[in-house]
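Coordinates in review
Letter by letter, the chains look like this.
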Amino acid sequence: VNASQTWAAEVRRLADERGAVILAHNYQRPEIQDVADHTGDSLALSRLAARVEADTIVFCGVHFMAETAKILAPDKTVLLPEPKAGCSLADTISAEDVRAWKAEHPGAVVVAYVNTTAAVKAETDICCTSSNAADVIRSVPEDTEILFLPDQFLGAHVKRVTGRENIHVWMGECHVHAGIDGAALRERAAAEPDAELYVHPECGCATSALYLVGEGTVPQERVKVLSTGGMLAAAESTTADKVLIATETGMLHQLRAANPTTSFEPVNPRAECHYMKMITGEKLLESLRTGSGEITVDERTAERARRSVERMIAIGT
Ligand code: 13P
Ligand code: SF4
């Protein structure tokens, strides 16, 4: 029995003792993904959090994800093994910013990406994730103005796929995905002309991927703009020899496990989210042992945010 097996056995023992379910996002460290009860994308994990039976949810992800779980499951204890695990994208907008923006557009519907604080969600009509963003937009009457926040690249993507013009987009970005830019994608795609491309819509290169299609560099059927869960589903059935992945590199662990005959390579191998990686094996053990990292959301904020988060988990597949 080696050290990592001993660690995993201890995590499972403590989780049982505490009556805890461990949820992990696809960007977590490989050992955290492997020890968790469920690993998935933001939407799948939110849906799980809303219906788990365990008394405690240990959320291996970032702060807004644990807050979302708490909003959906207010009677559960939600632990985030490192409460300092934030999100540069969520940091680009405050509740006050949203209130000021709404005042400029009376009557507009506010659609917020799940990568936002609970206080921002409380100012929002419907939340979405990258899995269901287009379906959420389509659930709003066509003639209604929409304020979409905070990610500019996901905003541009939903405008493109829904064909809606009356969407105003907040100019936020995630530093990790913005760093996977058009130049990097173009270079990798040129070096690997037969590869498929899976691109997360938060990427700076999501628009460039479609340019590559437009100019005939990569055939349309080889380029897919997908959430992390969508990438995993596509990976399971692809027959490509190689797929280039434009998202945080933690995703490669699930993709490689799902399909060992295809080679999955990052477009930018430095695209690592240091917030996601703050959840270490040690931190997870500490949280399970001591109950540290409890996440709370004040009742009034949670109540206002819950409507929009519940709409989010009801829309899309
Ligand atoms: P998804 O897992 O929903 O694709 O989200 C990506 C992300 O950046 C979460 O921080
Ligand atoms: Fe936030 Fe980007 Fe990290 Fe996701 S990858 S948690 S959007 S900083």
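Residues numbered from 1 in each chain as written. Chains lettered and ligands numbered in written order. Predicted model: local features only at pLDDT ≥ 70, side-chain atom pairs only at ≥ 80, totals over all residues.

Focus on the UniProt feature "binding site: iminosuccinate" (unreviewed entry) in the protein chain
Here is the rule we go by: UniProt positions are given in the numbering used here, feature names are shortened, and annotations may be inferred rather than shown by experiment. Labels follow the DSSP assignment, with helices taken as runs of H or I lasting at least four residues and strands as runs of E lasting at least two, numbered in each case from the N terminus. Any residue whose C-beta has 12 or fewer other C-beta atoms within 10 Å is treated as exposed, any with 20 or more as buried, and any in between as partly exposed, C-beta atoms being built from the backbone. The contact criterion used is a C-beta to C-beta distance within 7 Å, with each C-beta placed from the backbone.
The sites that carry the UniProt feature "binding site: iminosuccinate" (unreviewed entry) are, in the present numbering, H25, S42, Y113, V114, N115, S130, H200, P201, E202 and T228. Turning to its location among the elements, H25 is positioned in strand β1 (residues 20–25). Taking the number of C-beta atoms within 10 Å as the measure of exposure, H25 has 26 and is therefore buried. Ignoring any residue separated from it by four or fewer positions in sequence, one finds H25 in contact with L45, C60, G61, M65 and M276. Examined against the element boundaries, Y113 turns out to sit in strand β5 (residues 109–113).

Side note on the domain arrangement of the protein chain
Size of an interface: often given as the accessible area lost when the parts come together. Put simply, the rule reads: Domain limits in this description derive from either an automatic procedure or a database domain assignment. Classification used: nonpolar for Ala, Val, Leu, Ile, Met, Phe, Trp, Tyr, Cys and Pro, charged for Asp, Glu, Lys and Arg, polar for all others including Gly.
Considered domain by domain, the protein chain is made up of domain 1 (3–85 + 276–297), domain 2 (90–173) and domain 3 (176–266). A straight line from the C-alpha centre of domain 1 to that of domain 3 covers 28 Å. Contacts between the two partners involve 11 residues from domain 1, matched on the other side by eight residues from domain 3. Mapped onto the side of domain 1 that touches domain 3, the elements with two or more residues apiece are α2 (30–35), β2 (38–40) and α3 (42–51). Its residues assigned to classes, the side of domain 1 that touches domain 3 shows five nonpolar, five polar and one charged.

Some thoughts on helix α1 (residues 3–18)
Where we set the bar: Helix span, expected: 1.5 Å multiplied by one less than the number of residues in the helix.
Across its 16 residues, α1 extends 22 Å between first and last C-alpha, which sits within 8% of the 22 Å expected from 1.5 Å per residue. Following α1 by one or two positions, G19 has its phi on the positive side, about 65 degrees.

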